[in-house]
Every structure is written in structure tokens, then in C-alpha cells.
Amino acid sequence: MTEARTLEPEEWEFWEAWMRAQRLLARELDRGLQDECGISKAEFSVLMTLWQVPGRELRVGELAESLDWEKSRVSHMLTRMENRGFVERTRSGPSGRRTGIGLTAKGSRAAQSAILHHAGNIRRYVLDSLTPEQAATIRAWSEQMIDRIDPGQPASAG
């Protein structure tokens, strides 16, 4: 185990700048989704997850696992999104239980629009200011951190 010690002043400055940059970026990306698309970050996460799977449908448990959310949170979010017409519950199995969730046509349109707007904001706030080398360095560092914090989990998960 590593001996506990404080950070040097330059390390604290790095940490504070990095944390502030993350907060500002998250705020602006969230604001963009809300202002430009009328959806929350959580709704975007659900739409994006469903958009990326074949058939645009998952079982609720699979969706919860993919998002790393508690099932109760997913259930509440899906009820709100179902009321907005973005998703619909699907029946499956011999008993016809409602265990799946899929994108509606309105949800697919919302996902496509949000993906384009969100990508534009990611490009504007992050990618346009980085060289390919800087982006590769940040990606490698991020993947190292993911592996240290959550070993065994693919870096692209979540």
C-alpha cells in the first residue's frame, strides 16, 4: 500500500483546474441537451443506449446494467420517457409480461437529433481545441485510469 501524503502545490493546481474543467464541460453539455433538444442528460443516456443496440430494444434489466443504474431509477425514468412518447414497453415471453423497452419513432427522431447536437457540442468544447496527439494522450490516460479504478471493465463501457 502506498504511503499517504499530501499533494504538492502544482499538483493541487492541476487537480483543481481539471475538476473545474469537468464541471464546466458537464454543465455546458447538459445545458446543450436541455436547450437544443429538450431532454435531460439521463434521457439522452437512455436514448443513446437504446439507439446503439440492434433492434433498438432491451430488457429493462439489461438497460439498467448498461447504464449502471439501479432498476428503480431506470423504472422511474422509463415511465417519464414513456409519457413523453420516446419509449414503449414491449411484451415478451410466453406470459406476455412487459419486460422490454424500445424506442418509438418519436424516440428515434429525438435520439438522432440529440446525437447530432451533442456531438457538435463535444466537438466545439473539446475536440476542436485538441491536436490528434493530445486527444490520443488523453484517451490513453483515461483508459489507464478506468483500468485502475474499474479493472476488468472495458474502457468504452458506460
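Heads up: the structure comes first, above all this text.
Residues numbered from 1 in each chain as written. Predicted model: local features only at pLDDT ≥ 70, side-chain atom pairs only at ≥ 80, totals over all residues. Heavy atoms only, no water.

Engineer: So what exactly am I meant to see when it comes to the overall build of the protein chain here?
Structural biologist: Of the regular secondary structure elements, the protein chain holds six helices and three strands. When the helices and strands of the protein chain are listed from N to C terminus, the series reads α-α-β-α-α-β-β-α-α. Here the protein chain has a C-alpha radius of gyration of 19 Å; the compact-globule value for 158 residues is 15 Å, and the former is much larger. Its C-alpha atoms put the protein chain at 60 × 40 × 25 Å along the principal axes. Across the protein chain, contacts joining residues at least 24 apart in sequence account for 49% of those joining residues at least 6 apart. In the protein chain, 22 side chains carry a positive charge and 23 a negative one; their mean positions are 11 Å apart. (Helix = DSSP H or I, 4+ residues; strand = E, 2+ residues; numbered from the N terminus. Rg over C-alpha atoms; globule rule 2.2 N^0.38 Å. Contact = heavy atoms within 4.5 Å. Lys, Arg positive; Asp, Glu negative; His and termini not counted. Charge placed at Lys NZ, Arg CZ, Asp CG, Glu CD.)

Engineer: Looking at this structure, how should I read the packing of helix α2 (residues 41-52) against helix α5 (residues 105-125)?
Structural biologist: Working note: a packed helix pair is described by the angle between its axes plus the distance between those axes. Axis separation between α2 and α5 bottoms out at 9 Å; the angle between their running directions is 105°. The angle between α2 and α5 falls in the class roughly perpendicular. Counted together, F44, L47, M48 and W51 of α2 and G107, S108, A110, A111, Q112, A114, I115 and H118 of α5 form the full contact between these two elements. Considering only residue class, the contact of α2 with α5 consists of eight nonpolar, four polar and no charged. (Axes fitted to C-alpha atoms, helices over the stretch in contact; angles between N-to-C directions. Parallel < 35°, antiparallel > 145°, perpendicular 65-115°, else oblique. Nonpolar A, V, L, I, M, F, W, Y, C, P; charged D, E, K, R; others polar.)

Engineer: Explanation requested: the packing of aromatic side chains in the structure shown.
Structural biologist: For any pair of aromatic rings, the description rests on two quantities: the centre-to-centre distance and the angle between the ring planes. The tally for this structure, following the rule as stated, stands at three aromatic pairs. Ring centres of W18 and W141 lie 5.3 Å apart, and the angle between their planes is 75°; this geometry places the pair in the edge-to-face category. Placement of W18 in helix α1 (residues 9-37) and of W141 in helix α6 (residues 132-149) is noted, with a sequence separation of 123 residues between them. Of the residues examined, W18 reaches a relative accessible area of 25% and is grouped as partly exposed. The aromatic ring of Y125 is capped on one face by R124, whose charged end is 5.2 Å from the ring centroid. (Phe/Tyr/Trp six-rings, centres within 6.5 Å; stacked < 30°, edge-to-face > 60°. Buried < 20%, exposed > 50% of the residue type's maximum accessible area, 1.4 Å probe, protein only. Lys NZ or Arg CZ within 6 Å of the ring centre and 35° of its normal.)

Engineer: How should the nonpolar core be read in this particular structure?
Structural biologist: Note on soluble globular proteins: their nonpolar side chains tend to be buried together. Core analysis: the largest hydrophobic core is formed by 25 residues, its most contacted members being V46, L47, L63, L78 and V87. Element by element, the count of residues in this core is highest for α2, at five residues. Discounting chain neighbours no more than four positions away, the residues touching V46 are L63, L67, W69, M77, L78 and M81. (Core = buried A, V, L, I, M, F, W, Y, C linked by side-chain atoms within 4.5 Å.)

Engineer: Which parts of the structure should I look at to understand the environment of G85?
Structural biologist: Positionally, G85 belongs in the loop between α4 (71-83) and β2 (87-92). The exposure class of G85 is partly exposed, given its relative accessible area of 24%. Sequence separation of G85 and I122 is 37 residues, and the distance between their C-alpha atoms is 27 Å. With residues up to four places along the chain from it excluded, the contact list for G85 reads T104, K106 and G107.

Engineer: Before we go on, may I ask you to explain α1 in this structure?
Structural biologist: Side chains of residues three or four places apart in an α-helix project in the same direction, reflecting 3.6 residues per turn. For α1, spanning 29 residues, the distance from its first C-alpha to its last is 41 Å, which sits close to the expected 42 Å at 1.5 Å a residue. Within the sequence span of α1, burial applies to E28, L29, G32 and L33. Of the residues one or two after α1, G38 is the one with positive phi, at around 70°. (Expected span 1.5 Å × (residues − 1).)

Engineer: Explanation requested: the packing of α1 against α5 in the structure shown.
Structural biologist: Where α1 contacts α5, the axes come no closer than 10 Å and their chain directions differ by 145°. Considering only the axes of α1 and α5, their crossing is right-handed. For the pair α1 and α5, contact is made by L25, E28, L29, G32, L33, E36 and C37 and by S113, A114, H117, H118, N121, I122 and Y125, respectively. In terms of residue class, the contact of α1 with α5 is made up of seven nonpolar, five polar and two charged. (Left-handed = near helix turned anticlockwise from the far one by under 90°.)

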